[in-house]
Amino acid sequence: MRHSVNRPPTPDAAEDQENVPTLQEIINIKLIESGEKERLMELLRERLTECGWKDEMKTLCRAFIKKKGRNNVTVDELVHVITPKGRASVPDSVKGELLQRIRTFLNSAAL
């Protein structure tokens, strides 16, 4: 059997599926391309500052650093400890507002 030198091998079905973007990836691409992702990030920053979440996180960070000692804490360790607390303490109203903005975007983008 002779193989063609000019033709690339036929990809497997599994390789084809790897190249197909997921719905989440498609949405993320659309959000970035439209600039909506940056607007949502700015809205999130504003809302978290307004509700005191940002100050609360600063206080938690300072308390953790004080407890462990300034020279005994790495940024990675601080992020590892504070991130779960930060995510859990985002107010439902902020989450709801962002979710509504994302839904509105998806409806207007016809996704």
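Here goes a summary of the coordinates provided. Predicted model, so just to flag it, every value in this text is computed and none were measured.

1. Digging into the packing of helix H3 (residues 36–50) against helix H6 (residues 92–109)
Link 1 in the chain: At a minimum axis distance of 10 Å, the contact between H3 and H6 shows a crossing angle of 165°. Looking at the two axes, H3 sits roughly antiparallel to H6. In the packing of H3 onto H6, the handedness of the crossing is right-handed. The segment H3 lies against H6, with Glu 36, Arg 39, Leu 40, Leu 43, Leu 44, Arg 47 and Leu 48 engaging Val 94, Glu 97, Leu 98, Arg 101, Ile 102 and Phe 105.
Link 2 in the chain: Looking at the contact of H3 with H6 residue by residue, the classes come out as 8 nonpolar, no polar and 5 charged.

2. A few points about the packing of helix H4 (residues 53–68) against helix H5 (residues 75–88)
Link 1 in the chain: In the contact formed by H4 and H5, the axes pass within 11 Å of each other and the chain directions differ by 140°. For the element pair H4 / H5, the angle class is oblique. As for how H4 packs across H5, the hand of that crossing is right-handed. Here H4 contributes Trp 53, Met 57, Leu 60, Cys 61, Phe 64, Ile 65 and Lys 68 to the contact with H5, which in turn contributes Glu 77, Leu 78, Val 81, Ile 82, Lys 85 and Gly 86.
Link 2 in the chain: In the contact of H4 with H5, the residues fall into 9 nonpolar, 1 polar and 3 charged.

3. Topic: the pattern of salt bridges
Link 1 in the chain: Throughout the structure, instances matching the rule amount to 8 salt bridges.
Link 2 in the chain: Of the charged contacts in the structure, one is a salt bridge between Arg 45 and Glu 38, with a shortest N-O distance of 3.9 Å.
Link 3 in the chain: On the basis of relative accessibility, which here comes to 42%, the residue Arg 45 falls in the partly exposed class.
Link 4 in the chain: Across the pair Glu 42 and Arg 45 runs a salt bridge, and its minimum N-O distance is 3.0 Å. Note that Glu 42 and Arg 45 are positioned in helix H3 at a spacing of 3 residues, about one turn of the helix.

What counts and what doesn't
- Residues numbered from 1 in each chain as written.
- Predicted model: local features only at pLDDT ≥ 70, side-chain atom pairs only at ≥ 80, totals over all residues.
- Heavy atoms only, no water.
- Axes fitted to C-alpha atoms, helices over the stretch in contact; angles between N-to-C directions.
- Helix = DSSP H or I, 4+ residues; strand = E, 2+ residues; numbered from the N terminus.
- Parallel < 35°, antiparallel > 145°, perpendicular 65-115°, else oblique.
- Left-handed = near helix turned anticlockwise from the far one by under 90°.
- Contact = heavy atoms within 4.5 Å.
- Nonpolar A, V, L, I, M, F, W, Y, C, P; charged D, E, K, R; others polar.
- Salt bridge = Lys/Arg side-chain N within 4 Å of Asp/Glu carboxyl O.
- Buried < 20%, exposed > 50% of the residue type's maximum accessible area, 1.4 Å probe, protein only.

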